[in-house]
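# Chains, contacts and geometry: an overview
The chain contents come next:
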Amino acid sequence: MSDLVVIVTVLGASALAITLIVALNAFMGGWTPARLDDESSIGSRISVDVLGFAPGAHQVLDSDRRAGLVFDQSGERLGLAVCRGDKITVRALRPSDIRAVSVSGADLVLALEDFTFPEATLRLKYAQLAKRWANDIERFGAATQAGMSHAEPA
């Protein structure tokens, strides 16, 4: 057999094998993005990764079910869960971890002091809810910095 035929055969077989692996991955759900089931799944997911995090009742899930916030029962931490691809990234934030919070329409934007995860955007159902959460987060920072405990918003 000529060298050219061997090379073409090897390249063709390799391309076919890669195509089959990609198709199998897609068929098995390899590109299914992660979603949070409901508001209670936010705290549950954070509790798995953050030792001692006890989710409180004050929580919100964004309209795409791809991000959520929940205050810890003690009011000392704010739990954040964000779906990134097929994984869920979680953070238990203290006031010093939040650089800024802003609202743009129904989007709640958290700027974080975390170079691996500098910003999180939650698309909430309506603008008033985003404003209310921005105020709650600002109070959370002010109350904790003032030394108050149990600063969970009402």
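Scroll up a little and you will see the structure.
Below, the structure is looked at part by part. (Residues numbered from 1 in each chain as written. Predicted model: local features only at pLDDT ≥ 70, side-chain atom pairs only at ≥ 80, totals over all residues. Heavy atoms only, no water.)

As a further point, take the nonpolar core. Within the largest apolar cluster, 23 residues are counted, with the highest numbers of intra-cluster contacts made by Leu-69, Leu-78, Leu-80, Leu-108, Trp-133 and Ile-137. Elements with a minimum of two residues in this core: β2 (67-72), β3 (78-84), β5 (98-104), β6 (107-112), β7 (119-123) and α3 (127-145). With 6 residues, the single largest contributor to this core is α3. If sequence neighbours within four positions are ignored, Leu-108 has contacts with Leu-69, Val-101, Ser-102, Val-103, Ala-120, Thr-121, Leu-122, Leu-124, Ala-130, Trp-133, Ala-134 and Ile-137. Residues Ala-34, Phe-53, Val-70 and Cys-83 belong to the second largest nonpolar core, which totals 11 residues. (Core = buried A, V, L, I, M, F, W, Y, C linked by side-chain atoms within 4.5 Å. Buried < 20%, exposed > 50% of the residue type's maximum accessible area, 1.4 Å probe, protein only. Helix = DSSP H or I, 4+ residues; strand = E, 2+ residues; numbered from the N terminus. Contact = heavy atoms within 4.5 Å.)

Reading across the sheet, the 3 strands line up as β5-β6-β7 and stay open at both edges, with antiparallel pairing between neighbours. Looking at which strands have only one partner, the edges of the open sheet turn out to be β5 and β7. Averaged over neighbouring strand pairs, the angle between their axes works out to 15° when direction is ignored. In this structure, β5 lies alongside β6, joined through 6 bridges in antiparallel fashion. Residue pairing in the sheet places Ser-104 in a bridge with Asp-107 of β6. (Pairing = 2+ DSSP bridges. Axes fitted to C-alpha atoms, helices over the stretch in contact; angles between N-to-C directions.)

Don't take any of this as a statement about function, it's just geometry.
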